[in-house]
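Read off the chains here:
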Amino acid sequence: MNITIVGAGYVGLVSGACFSEFGFNVTCVDKDIDKINKLKDGVIPIYEPQLEDLVKKNIFANRLHFENDLSKSFDISDSIFIAVGTPTNSRDNSANLIYVYKVIEEIVSLINIKNKPKLIVTKSTVPVGTGQEIIKLISNLRPELKLYDHFDIASNPEFLREGSAIEDFMRPDRVVCGVESEFAKEIMQKLYRPLNLRETPILFTGRETAELIKYASNGFLATKISFINEISDICEKVGADVQQVAKGIGLDGRIGSKFLHPGPGFGGSCFPKDTRALAEIGKKYKARSRIIESVIDINENRKLNMVKKVQDAIGNLKNKSISILGLTFKPNTDDMRESPSIIIVSELLNMCKKLRVYDPAGMDNAKKMSEFNGVEWCQNAYDCIKNTDAMVLITEWNEFRALDLIKVKTLLKQPIVIDLRNVYSKEYMQEVGINYVSVGRS
Ligand SMILES: NC(=O)c1ccc[n+]([C@@H]2O[C@H](COP(=O)([O-])OP(=O)(O)OC[C@H]3O[C@@H](n4cnc5c(N)ncnc54)[C@H](O)[C@@H]3O)[C@@H](O)[C@H]2O)c1
């Protein structure tokens, strides 16, 4: 089985490396020449645990290849996966499909009607009905190409999480395949057969259903986060402890304990844009999702509320210097897309005298963002904290969990720690003599 994956970003590269590990012959294609040249040399352009070893191993086994040009692997490929970005449309908050359709145009120009049909698989997160739109586009561009005779479209949304992407791809909770023909079903079955050993549920649905499952999943998870964030606000007012509330509700099997961690709001390349796109899908089909619309609002306000929390803890910020630990939207990734730190840092920059920041993997990407212009970049956590008036923890990297808090206290000008992820023990902070503010723990 030969596969081509177009788009060698977080999803395309991880999927390509894992499919090649399953034993398939995979070519990852990306228009970014620099990225492809690096990958050919085994250099990984993103931070993702375990990925480098897997890529190197499969390049060496001659099962994983990288190209700039889709035509190099097209003829030999049974299926072509599309894994390009689907960012928010600036006009109306829907998903922007420009990159997906560009790939379709390329594919259409390469289909040879004398060859076996090609299965085009959307792995990018695309709105409901995109598969159908692709069929229309193909028949407009080349009317002689017939569905099933020359091509077919499947939806195979991806659920991996950055930071544990390899594990998630190799041991997923489920795989969802939206297919409309036996031909598509057979190919998808072959591709995911290696997961049968682990008894992974493979759910075959219609294409529209698969497309919606992805948005509904992300919408639900984002809702859990906004829900616990609202509950944490109530906890602060009434003197309850949100950690215990989350535990108390999470132990109910109908609710589950995951995604019940209060914090500065969700970010990243998926939840913000996918909740916006889901709200737009609801509006488009006159079936508005008021829950999702509220979740988006709550999350936007959440970041500003965290700025207020810092202000309340420190007082007048005018002559103060603040240290920020953690910039990425979660640990174990270098992804800065829509990280809550962007709003928090840019707001604090306007209010305080000096802002020192440190993140173990996200600083190269943060340096490219104008919102960070004016911060002082630091070498490590202790260097960052030194001589500042307060420390604010935004991302819960493991190395921050293990900080020597006595040292932290001596490095800070004032012993104030604002922990937006609840990683430290309140009692220990008190023992050390740090003025400690966390989330939902009065
Ligand atoms: N990142 C995640 O955690 C995650 C998880 C699940 C689903 N998704 C979805 O997967 C899709 C991809 O996300 P990502 O984070 O991997 O994006 P990304 O931005 O990291 O990668 C996209 C890649 O596509 C390439 N590209 C764009 N147009 C191209 C073209 N015409 N030809 C060749 N290459 C092209 C870009 O150069 C880039 O390298 C999105 O729809 C996203 O919503 C992402």
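Thresholds applied
Residues numbered from 1 in each chain as written. Predicted model: local features only at pLDDT ≥ 70, side-chain atom pairs only at ≥ 80, totals over all residues. Helix = DSSP H or I, 4+ residues; strand = E, 2+ residues; numbered from the N terminus. Rg over C-alpha atoms; globule rule 2.2 N^0.38 Å. Buried ≥ 20, exposed ≤ 12 C-beta atoms within 10 Å, placed from the backbone. Contact = placed C-beta atoms within 7 Å. Expected span 1.5 Å × (residues − 1). Arc of directions from axis to C-beta. Core = buried A, V, L, I, M, F, W, Y, C linked by C-beta atoms within 7 Å. Domains from an automatic or database assignment. Pairing = 2+ DSSP bridges. Axes fitted to C-alpha atoms, helices over the stretch in contact; angles between N-to-C directions. Near = placed C-beta within 6 Å.

**Observations regarding the overall build of the protein**
At step 1: A tally of regular secondary structure across the protein gives 18 helices and 14 strands.
At step 2: The C-alpha radius of gyration of the protein comes to 24 Å, within 12% of the 22 Å expected for a compact globule of 442 residues.
At step 3: Reported as C-alpha extents along the three principal axes, the dimensions of the protein are approximately 75 × 50 × 45 Å.
At step 4: Among the 442 residues that make up the protein, the fraction classed as buried is 46%.
At step 5: Relative to all contacts within the protein whose residues are 6 or more apart in sequence, the contacts with residues 24 or more apart total 72%.

**Some thoughts on helix α5 (residues 98-110)**
At step 1: In a regular helix each residue adds 1.5 Å, so 13 residues correspond to 18 Å; α5 covers 19 Å between its end C-alpha atoms and thus fits that length.
At step 2: Listed as buried for α5 are Val100, Val103, Ile104 and Ile107. What you see down the axis of α5 is that its buried residues fit within an arc of 105°, all on one side. Exposed side chains of α5 directed beyond 90 degrees from the buried face belong to Ile98, Glu105 and Ser109.
At step 3: Turning to α5, the residues buried within the fold contact β1 (2-6), β4 (79-82), β5 (118-122) and α6 (130-141).

**Some words on the nonpolar core**
At step 1: The biggest cluster of nonpolar side chains holds 116 residues, and the ones touching the most others in it are Val6 and Val392.
At step 2: In this structure, this core is formed jointly by two domains, domain 1 (2-205) and domain 2 (250-437), each of which donates at least three residues.
At step 3: With sequence-adjacent residues up to four places away left out, Val6 is seen in contact with Val29, Leu70, Ile80, Phe81, Ile82, Ala83, Val84 and Val103.

**A closer look at the environment of Glu208**
At step 1: Note on placement: Glu208 falls in helix α9 (residues 207-238).
At step 2: Distance in space between the C-alpha atoms of Glu208 and Val179 is 9.1 Å, their sequence separation being 29 residues.
At step 3: With near-sequence residues (within four places) excluded, Glu208 lies in contact with Val128 and Gly129.

**As for the pairing of strand β7 (residues 175-178)**
At step 1: Bridge count for β7 against strand β8 (residues 202-205) is 4 bridges, and the pairing is parallel. For Val176, the partnering residue across the bridge sits in β8 and is Leu203.

**So, the sheet that holds strand β12 (residues 390-393)**
At step 1: Strand order in the open sheet formed by 6 strands is β11-β10-β9-β12-β13-β14, and the pairing between neighbours is parallel. This sheet does not close on itself; its edge strands, each paired only once, are β11 (376-377) and β14 (435-437).
At step 2: Here strand β9 (residues 321-325) runs beside β12; their pairing, made up of 4 bridges, is parallel. Looking across to β12, one finds that Leu325 is bridged to Leu393.
At step 3: Of the strands in this sheet, β12, β13 (416-419) and β14 touch helix α12 (residues 290-314), which is tilted by about 160° from β13.
At step 4: Where helix α13 (residues 340-351) meets the sheet, its contacts fall on β9 and β10 (354-358), and the angle it forms with β10 comes to roughly 155°.

**Some details on the site of the ligand**
At step 1: In the vicinity of the ligand there are 26 residues, among which Gly7, Gly9, Val11, Ser124 and Thr125 approach most closely.
At step 2: Elements with a contribution of two residues or more to the shell around the ligand: α1 (10-22) and α5.

**Observations concerning the pairing of β12**
Across a regular strand the side chains alternate sides, sitting on one face of the sheet and then on the other.
At step 1: By the alternation rule, side chains of β12 split into Ala390 and Val392 and Met391 and Leu393, which are all buried.
At step 2: With 3 bridges joining them, β12 and β13 adopt parallel strand pairing. Looking across to β13, one finds that Met391 is bridged to Val417.

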